[in-house]
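Okay, here's what each chain looks like letter by letter:
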Amino acid sequence: MKRRPDSGLVTPGSKRQSRQDPVSCESCRKKKLKCNRELPCSSCSARRLECSYGGYGSGTTPVQSLTQTDQRPMLHNRVSEPPRTLQWTPRQETETQSRNGNEPLLTADWLETIVMGHRVPSAVPVTLRAELSQNRQPDRSPSQQNTTPSDQFPPMSERLVSHENPATIHLPSYLPPLAEALSLFRYYCRYLDFQYHLIIPSHVEQQIETIYEHVARNEPINLSHTALLFAITAAALYYQLLIESPEQAEPFSQESTFLAGAALIQSNYIPYPSLEGLQATMIIGHHLSNMNVPSSVSPLFVHRSFVSQATSMGLHVVDCPRVVTERSANEFDKIDVELKRRLWWDLATYDWLIGFLSGPQEWTYSINPKHMVVQQPLNVEDEDIDHSENGVPLSTPTAMTYSLCRSKLAVVCRQIVDEMAYYHFHEQEVPYEKILELDQKLHKICTELPSFFRFDQTSRREYSALYRERPTLAWQRSLVQQGYHSRFCRLHRHYLVRGAKDPKYSYSHVVALRSARKVLEVKRIMDEEEPVFTPHSSVIWAVMHHVFMAATILLIDVCFNWDDILAEKRKEEVLDACRMLSRAQQSSPIAREGIKAMMGILRKHWKHEKRVSSRELQELSASSNSSSTTLNTSQPGIPTPASLYPKSITFPSEISNSQSSMYPSEYALLSPLPLEDLWAEMLDSSANVELSTPDWTNLLTELTNVTFPGE
């Protein structure tokens, strides 16, 4: 075939022209990277390199890449928008996709995520990335195409940031708009901070605004402050979405928790801790301990880690003579010192409270009061810290009053552990005189509670206007009352059953029942009286755990005093408490999971009880020609539940093994009956069976272990 004369000729001094423009710019070709052929391309923009196509195309001249601020032209627009549901930057999908018209784009995106994902958020152009995200969204049925809150969120496949490397993820890309961040921050301050008060809101708000100012100016951000922002966002999202969109609450909160952990890791928090980093971990530890934290950051959010980091910062010796002398010789920030005291005492309070709860930490604690020199935080409002030397009396309500009352309870719990641990470790019964002595200590701090934290009718009427003005005081009143009375139940529960029969222990029987009823009364007030508890008290697992334990105390009392003249009234009292649990199950996924776990324990202990009612026993007696005296035979001793161990099962001699399967058993309790029906069956099947030891306490111990649902 004859070639065209000029097809292969190259004139001297000229360069052979390319058949088409190059696919990639010079920088991408040298580095063998994917180039989007824009001017400048996204790869050069991310690296701040000059983007040049080597003069191959007309008009192609080197162009300085855009700054990071230029790459985020929508930041100011996003900040000025009104608050809306939080939207997260989509994560590039790395899973195998089905073949479609965009398969080359999907493949390129997948490869670039592997090669460049740890350096830049994405090398795919924004327009193509938007197209890719649209194609990835699963088809939705017509029934799902509505305006419910859950529809405002992108699919979970696009926000699984927790699958990324926390040490290298680009955190500014995942910041919510400023308006949304401030909206969630204010929700936290209004509805969550009152439980522990770990932050000074005015300072944190200033820190949040500074983060966004630095992002807008393309300057480095403070990673400790960023971690605190993500922690607050995680807590606020969780409780806010439990009402608006329950199925989204835990996934979204997990993502924010991961981002908080990533910020701490990138700030080198473990060897160089900071107050803001400690605040971030404690907020997540307190408010989100009932959810599964991503494993890559979970070690940051455990109590022992909090104590270790606080100790390494010297929070346990904030007021030792050497430190006080150094502060006096130099200028110091009073707010910083007061915040350190608050954080340390919150750690100590939690540590001592859980020492008097069942679990691996029972009868022990980590923070020894002899190994700390920290003054109690002042009872003072945040804005008055600089102007107050001694604070105000507890009779004056402030943002810190509840925390100080809670710490008083924790001190007594620590003393109870000190007094009782030896007996429990050596499997000895605690002398009853010691129980009464510890009871007096609990009563003393209970009587010292400020009048606005009491539940008597006089106090409630006197402070009704204050509760409307400051709803958090009413909510704190409920929490502190539940906390105190649940400890009375726990202290006396070992003598609950024998106190019903033995006058020596009758005080414990009375106090345990009275305190259990008080816990249930508090929950009713939370649900029915103004100001309405926000978030709803059913979503706070500590509240529902106390309610379940109180209901179980009443259930046990009915089961072992089934022949009491008020037995029917007491049964109805238990069923009322059960209805309270049922309503909580319907309104809160947290309560639903927690109650399910506790019912599993209750069923396990009740599953061996093949007990029958009096009427059924009489029918069996008549059919087998037995004397009635045989049925009424009982042994002397302390009545305790037949429901806990196989050895406790007692049947009349007339009931054979084949007959025993006819009566209420584990099969009935395992059936999918409503909660109220299950409890009613347990009440109806109760019998007076004798045991030599109060084994029923193991039931209460296991129920106390169910601290967090889902674990």
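Residues numbered from 1 in each chain as written. Predicted model: local features only at pLDDT ≥ 70, side-chain atom pairs only at ≥ 80, totals over all residues. Heavy atoms only, no water.

Asks: Just checking my understanding: could you explain the packing of aromatic side chains for this structure?
Replies: The relation between two aromatic rings is expressed through the spacing of the ring centres and the mutual angle of the planes. All chains considered together, the criterion is met by 14 aromatic pairs. Ring geometry for Phe194 and Phe533: centres 6.3 Å apart, planes at 70°, overall edge-to-face. A residue pair is termed long-range when its members are at least 10 positions apart, and Phe194 in the loop between helix 7 (178-191) and helix 8 (201-216) and Phe533 in the loop between helix 21 (506-528) and helix 22 (541-560) qualify at 339 residues. Judged by relative accessible area, Phe194 falls into the buried class, the value being 6%. The class for Phe533 is buried, based on a relative accessible area of 3%. Three or more aromatic residues link up through ring pairs in this structure, and these residues are Tyr187, Tyr191, Phe194, Trp475 and Phe533. Above the plane of the ring of Trp352 lies Arg414, whose end atom (NZ or CZ) is 4.5 Å from the centre. Its end group placed over the ring of Tyr505, Arg498 keeps NZ or CZ at 5.4 Å from the ring centre. (Phe/Tyr/Trp six-rings, centres within 6.5 Å; stacked < 30°, edge-to-face > 60°. Helix = DSSP H or I, 4+ residues; strand = E, 2+ residues; numbered from the N terminus. Buried < 20%, exposed > 50% of the residue type's maximum accessible area, 1.4 Å probe, protein only. Lys NZ or Arg CZ within 6 Å of the ring centre and 35° of its normal.)

Asks: Would you mind showing me how to read the packing of helix 11 (residues 275-287) against helix 14 (residues 334-354) here?
Replies: When two helices pack together, their arrangement is given by the angle between the helix axes and by the axis-to-axis distance. One can describe the packing of helix 11 onto helix 14 by two numbers: an axis separation of 12 Å at closest approach and a directional angle of 35°. For the element pair helix 11 and helix 14, the recorded crossing hand is left-handed. Mapping the contact onto sequence places Leu275, Leu278, Gln279, Met282 and His286 in helix 11 and Asp336, Leu339, Lys340, Leu343, Asp346, Leu347 and Tyr350 in helix 14. Across the contact of helix 11 with helix 14, the residue classes tally to seven nonpolar, two polar and three charged. (Axes fitted to C-alpha atoms, helices over the stretch in contact; angles between N-to-C directions. Left-handed = near helix turned anticlockwise from the far one by under 90°. Contact = heavy atoms within 4.5 Å. Nonpolar A, V, L, I, M, F, W, Y, C, P; charged D, E, K, R; others polar.)

Asks: For this particular structure, what's the right way to read the pattern of salt bridges?
Replies: For side chains bearing opposite charge, pairing can occur when the charged atoms are close. What the rule picks out here adds up to 23 salt bridges. When the shortest N-O distance is used, the salt bridge between Asp382 and Arg342 registers 2.8 Å. Residue Asp382 is found in the loop between helix 14 and helix 15 (401-425), and its partner Arg342 is found in helix 14; the two are separated by 40 residues along the sequence. Residue Glu448 pairs with Lys444 through a salt bridge whose shortest N-O separation is 2.6 Å. Three or more residues joined by partner-sharing salt bridges are found here, namely Asp319, Arg327, Glu338 and Arg341. (Salt bridge = Lys/Arg side-chain N within 4 Å of Asp/Glu carboxyl O.)

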